[in-house]
Amino acid sequence: MASRLSGLFGNSRIAAGLLVNLLSSICIVFINKWIYVHYGFPNMTLTLIHFVVTWLGLYVCQKVDIFSPKSLQPTKIVLLALSFCGFVVFTNLSLQSNTIGTYQLAKAMTTPVIIVVQTLYYKKTFSTKIKLTVIPITLGVILNSYYDVRFNLLGMIFATLGVLVTSLYQVWVGAKQHELQVNSMQLLYYQAPMSSAFLLTLVPFFEPLSGVGGIFGPWSLPALAMVMTSGVIAFLVNLSIYWIIGNTSAVTYNMFGHFKFCITLLGGYILFQDPLSLHQGVGILCTLAGILAYTHFKLAEQEEGKSRLIQRP
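Residues numbered from 1 in each chain as written. Predicted model: local features only at pLDDT ≥ 70, side-chain atom pairs only at ≥ 80, totals over all residues. Heavy atoms only, no water.

The chain is annotated in an unreviewed UniProt entry as Sugar phosphate transporter domain-containing protein of Anguilla anguilla. If you open the UniProt record of the chain and go to Subcellular location (unreviewed entry), you find "Membrane". (UniProt positions renumbered as here; feature names shortened; annotations may be inferred.)

Some words on the overall build of the chain
What the chain contains, in helices and strands, is 13 helices and zero strands. Going residue by residue from the N terminus, the α and β elements of the chain occur as α-α-α-α-α-α-α-α-α-α-α-α-α. For the chain, the residues scored as buried account for 49% of the 313 residues in total. Counted over contacts in the chain with a minimum sequence separation of 6, partners at least 24 positions apart contribute 85%. Of the roughly 15,900 Å² of accessible surface on the chain, a fraction of 70% belongs to carbon and sulfur atoms. (Helix = DSSP H or I, 4+ residues; strand = E, 2+ residues; numbered from the N terminus. Buried < 20%, exposed > 50% of the residue type's maximum accessible area, 1.4 Å probe, protein only. Contact = heavy atoms within 4.5 Å. Areas by Shrake-Rupley, 256 points an atom, 1.4 Å probe, with all protein chains shown as cover.)

What to know about the packing of aromatic side chains
Enumeration according to the criterion identifies nine aromatic pairs in this entry. Pairing Phe-84 with Phe-87 gives two aromatic rings, centres 5.7 Å apart and planes at 55°, and the pair type is tilted. Of this pair, Phe-84 and Phe-87 both sit in helix H4 (residues 78-97), separated by three residues, roughly a single helical turn. Like Phe-87, Phe-84 is buried. With a centroid separation of 5.3 Å and an interplanar angle of 25°, the aromatic rings of Phe-84 and Tyr-169 are classed as stacked. Placement of the pair is Phe-84 in helix H4 and Tyr-169 in helix H9 (residues 153-180), with a sequence separation of 85 residues. The class for Tyr-169 is buried, based on a relative accessible area of 8%. Taken together through their ring pairs, the aromatic side chains of Trp-55, Tyr-59, Phe-67, Tyr-189 and Tyr-190 make up a single cluster. (Phe/Tyr/Trp six-rings, centres within 6.5 Å; stacked < 30°, edge-to-face > 60°.)

Quick look at the confidence of the model for the chain
Scored by pLDDT, the chain comes out at a mean of 80, with 82% of its residues at no less than 70. Looking at the elements of the chain, mean pLDDT is at its lowest for helix H1 (residues 2-10), recorded as 48, and at its highest for helix H3 (residues 43-63), recorded as 90. (pLDDT = per-residue confidence, 0-100.)

Section: the packing of H3 against H4
Across the interface, H3 lies against H4 with an axial gap of 10 Å and an inter-helix angle of 130°. For the element pair H3 / H4, the angle class is oblique. Every pair of crossing elements has a handedness; the one defined by H3 and H4 is right-handed. Along the contact surface, H3 presents Asn-43, Met-44, Thr-47 and Phe-51, while H4 presents Phe-84, Cys-85, Val-88, Val-89, Asn-92, Leu-93 and Gln-96. (Axes fitted to C-alpha atoms, helices over the stretch in contact; angles between N-to-C directions. Parallel < 35°, antiparallel > 145°, perpendicular 65-115°, else oblique. Left-handed = near helix turned anticlockwise from the far one by under 90°.)

Quick word on a nonpolar patch on the surface
The grouping of Leu-153, Leu-154, Ile-157, Leu-161 and Leu-164 at the surface amounts to a nonpolar patch, some 450 Å² of accessible area in total. Residue position: Leu-153 is located in helix H9. (Patch = residues over 30% accessible without salt bridge, like charges linked within 9 Å, V, L, I, M, F, W, Y side chains within 5 Å. Salt bridge = Lys/Arg side-chain N within 4 Å of Asp/Glu carboxyl O.)

Digging into the environment of Thr-138
Here Thr-138 lies in helix H8 (residues 134-146). Exposure remark for Thr-138: the relative accessible area of 23% places this residue in the partly exposed category. If we skip the residues at most four places from it in the chain, Thr-138 touches Met-109 and Pro-112.

Looking at unusual backbone geometry
The phi angle at Asp-65 is positive, at roughly 65°, despite the residue not being glycine. Here Asp-65 lies in the loop between H3 and H4. Classification of Asp-65 as exposed rests on a relative accessible area of 67%. The phi dihedral of Gln-181 is positive, around 55°, even though this residue is not glycine. Take Gln-181: it is sitting in the loop between H9 and helix H10 (184-206).

As for the side chain of Gln-118
Inspection of the secondary structure assignment puts Gln-118 in helix H6 (residues 110-121). By relative accessible area, which is 17% here, Gln-118 ends up buried. Once residues within four sequence positions are removed from consideration, Gln-118 is found in contact with Lys-123, Lys-124, Phe-126 and Val-171.

Re the side chain of Thr-54
Checked against the element boundaries, Thr-54 lands in helix H3. Judged by relative accessible area, Thr-54 falls into the buried class, the value being 3%.

Topic: the nonpolar core
Most often, soluble globular proteins have nonpolar side chains that are buried together. Grouped together as the largest cluster of nonpolar side chains are 53 residues, with contacts concentrated most on Val-29, Phe-41, Leu-58, Phe-84, Leu-187 and Leu-199. Those elements that provide at least two residues to this core are helix H2 (12-39), H3, H4, helix H5 (100-107), H9, H10 and helix H11 (221-247). Here this core gets nine residues from one element, more than from any other, and that element is H4. Those residues in contact with Val-29 that lie beyond four places of it in its chain are Leu-95, Ile-100, Tyr-103 and Thr-264. Within the second largest apolar cluster, 13 residues are counted, among which are Leu-105, Ala-108, Met-109 and Val-141. (Core = buried A, V, L, I, M, F, W, Y, C linked by side-chain atoms within 4.5 Å.)

This is the structure we're talking about:
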């Protein structure tokens, strides 16, 4: 695994893409947390801004021939657009309500939930080794959450809903790409404006439109600048994810994700003085071990599958 990553960093073009993804993925977590803690900007409105900026960015990309849009029937992606809204809103609410450590570890539960969803509803089979990695991941998340001195029930409800909706979204993205024969950027190009329209109709019912904390409230220039910066970085995160997966593989992206996982946790404790107990430290190591084991076994199975295809007469 280490040799694969060192080989990737030897290619300057891919290294640049990984660096953009690293910086943008870490920055988006810290900037959003900063916006929630210091400005109290409404969550759904921030998500709506992310969607609009992402769509505008993709519009520019297709105009300069980075990708070619493909016409899709809106009815084919309605559920996908709704789940896109749900997973971003709930994960942002989790970030707003929890410490960065708890938020980050809760996201790790996406892998076990995807395994369960694909096993129960898509009849996909996983090896025993892959299934066993669910144990340390889940145990680590439980340990960290139980001993988090800033634990709150509402935050865990948001985190749980975020994991469930994110898992469904990731499964559906793969299924829709195969069904509609489109790549991720083509799918997101139609998803983003539809998701924006859904959120636009919901925002007035859940968030104030005016006054302190309202969408059109008396926000300072630094607050607005941070919000717009957050939107641009969200677009860079999405764009770099698709670029990395397109030029390497989804497995490589996940391997690189472990590095971001550790840096984000460390940054949370340094920048926001999130408390960390010994039990939480054990939980983090346990979850990280499970994630690394999952990636190692998944990579080995893919390599084995490729070698069988090559050897087949």
